[in-house]
Amino acid sequence: MDKRIVILISGRGSNMEAIVQRCAEQRWPAQVVAVIANKASAGGLGFAAGQGISTAVVEHKAHPSREAFDAELARVIDGFQPDLVVLAGFMRILGAAFVQRYEGRMINIHPSLLPAFPGLHTHRRALQAGCKAVGATVHLVTAELDHGPIVMQSVVPVRPGDDEHTLAARVLATEHVIYPLSVRWFVEGKLAIEDGLVRQTDGASQVLM
Ligand code: GRF
């Protein structure tokens, strides 16, 4: 039976789009059953609806506390019975109970080479630090922000004259490769967790350079 994927977004949703498209083109044993946003203005909702995917909005502002928001979000997610929850530019910090509920079946992408630069403004911080390479990381979600077993990373060079926008664009192009591939591995059952580390069971490279 197809694995059921629920994707959470906050904005334009280009990673979500890439996953939806690769899933259909490459006939993964999976289906994106819902796209959920924490604001109605999230641009990606329009794309999802246009693909015939169920969409939902759980407004964080409509809830009095993080716990109340997390509980409502979990209720909506669980209504779609997901095998995998994909955070794709979802800009809310999720509480420990929420993370625990989806342990081992929730995945995130972060635009840095974790464990360097968790949190916001990663490209600006990498430039300030004089990094010669930057990248993106797909990881399983744990209670610690932008932390957890690494599924795949991409590495891109920092070039003379780069600013945070040119770097972000170069990294984003690689996100659109490594995130769909990581999700594909998950739904195909090709990820093994051993001693807290993720191994691709076919021996495929877990780095894009
Ligand atoms: C990406 O850079 C992702 O790594 C970060 O937020 C951005 C989301 O972009 N977490 P999009 O909404 O997928 O276009």
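First, a word on scope: everything that follows refers to the structure included in this document.

How each quantity is defined
Residues numbered from 1 in each chain as written. Predicted model: local features only at pLDDT ≥ 70, side-chain atom pairs only at ≥ 80, totals over all residues. Heavy atoms only, no water. Helix = DSSP H or I, 4+ residues; strand = E, 2+ residues; numbered from the N terminus. Rg over C-alpha atoms; globule rule 2.2 N^0.38 Å. Buried < 20%, exposed > 50% of the residue type's maximum accessible area, 1.4 Å probe, protein only. Near = heavy atom within 4 Å. Polar contact = N/O pair within 3.5 Å; in protein donor to acceptor, adjacent residues only side chain to side chain. Areas by Shrake-Rupley, 256 points an atom, 1.4 Å probe, with all protein chains shown as cover. Nonpolar A, V, L, I, M, F, W, Y, C, P; charged D, E, K, R; others polar. Domains from an automatic or database assignment. Expected span 1.5 Å × (residues − 1). Bend = angle between axes of the 7 residues up to and from the residue. Salt bridge = Lys/Arg side-chain N within 4 Å of Asp/Glu carboxyl O. Pairing = 2+ DSSP bridges. Core = buried A, V, L, I, M, F, W, Y, C linked by side-chain atoms within 4.5 Å. Contact = heavy atoms within 4.5 Å.

1. Points about the overall build of the protein chain
Next up, step 1: The helix and strand inventory of the protein chain stands at 6 helices and 10 strands.
Next up, step 2: Over its C-alpha atoms the protein chain spans a radius of gyration of 17 Å, differing by no more than 12% from the 17 Å that the globule rule assigns to 209 residues.
Next up, step 3: A principal-axis box enclosing the C-alpha atoms of the protein chain has dimensions of 45 × 40 × 35 Å.
Next up, step 4: When each of the 209 residues of the protein chain is scored for burial, the buried share is 46%.

2. Comments concerning the site of the ligand
Next up, step 1: As a matter of local geometry, the ligand sits amid Arg12, Gly13, Ser14, Asn15, Gly89, Ile109, Pro111 and Glu175.
Next up, step 2: Residue glycine 13 places a main-chain N or O atom 2.9 Å away from an oxygen atom belonging to the ligand.
Next up, step 3: Residue asparagine 15 places a main-chain N or O atom 2.9 Å away from an oxygen atom belonging to the ligand.
Next up, step 4: For the ligand, whose free accessible area comes to 360 Å², the fraction covered by protein is 86%.
Next up, step 5: In terms of residue class, the shell around the ligand is made up of 2 nonpolar, 4 polar and 2 charged.
Next up, step 6: Summarising the domain contributions, the shell around the ligand has at least three residues from each of domain 1 (1-102) and domain 2 (108-209).

3. Some details on helix H6 (residues 164-187)
Next up, step 1: Over its 24 residues, H6 extends 33 Å from the first C-alpha to the last, a length consistent with the 34 Å expected when each residue adds 1.5 Å.
Next up, step 2: Taking the largest bend as the criterion, H6 deviates by roughly 25 degrees, centred on glutamate 175.
Next up, step 3: Here H6 starts with a cap whose side-chain oxygen sits 2.9 Å from the backbone nitrogen of histidine 165, and that cap is aspartate 163.
Next up, step 4: Positioned one or two residues after H6, glycine 189 has a phi angle of 70 degrees, which is positive.

4. Description of the pattern of salt bridges
Next up, step 1: Enumeration according to the criterion identifies 9 salt bridges in this entry.
Next up, step 2: A salt bridge links aspartate 202 to lysine 190, with the nearest nitrogen and oxygen atoms 3.1 Å apart. In this pair, aspartate 202 sits in the loop between strand E9 (197-200) and strand E10 (207-208) while lysine 190 sits in the loop between H6 and strand E8 (191-194), placing the two residues 12 residues apart along the sequence.
Next up, step 3: Each of Arg184, Glu188, Lys190 and Asp202 takes part in a single network of salt bridges with overlapping partners.

5. Topic: the pairing of strand E4 (residues 84-87)
In summary, the side chains of a regular strand alternate between the two faces of the sheet.
Next up, step 1: Side chains Leu84 and Val86 project from E4 onto one buried face, and the interleaved Val85 and Leu87 project onto a second face that is buried too.
Next up, step 2: Examined bridge by bridge, strand E1 (residues 3-9) and E4 share 4 bridges and lie parallel to one another. Counted as the bridge partner of valine 6 is valine 85 from E4.
Next up, step 3: Direction of pairing for E4 relative to strand E5 (residues 106-110): parallel, over a ladder of 3 bridges.

6. What about the nonpolar core?
Next up, step 1: Counting 40 residues, the largest nonpolar core has Ile7, Ile9, Val35, Val86 and Tyr179 as its most contacted members.
Next up, step 2: Ranked by residues supplied to this core, first place goes to H6 with 8 residues.
Next up, step 3: The residue makeup of this core includes at least three contributed by each of domain 1 (1-102) and domain 2 (108-209).
Next up, step 4: Excluding residues that lie within four positions of it along the chain, valine 35 makes contacts with Ile7, Ile9, Met16, Leu45, Ala48, Ile53, Ser54, Thr55 and Ala56.
Next up, step 5: If you look at the next biggest cluster of nonpolar residues, it comprises 22 residues, including Val33, Ala34, Val58 and Tyr102.

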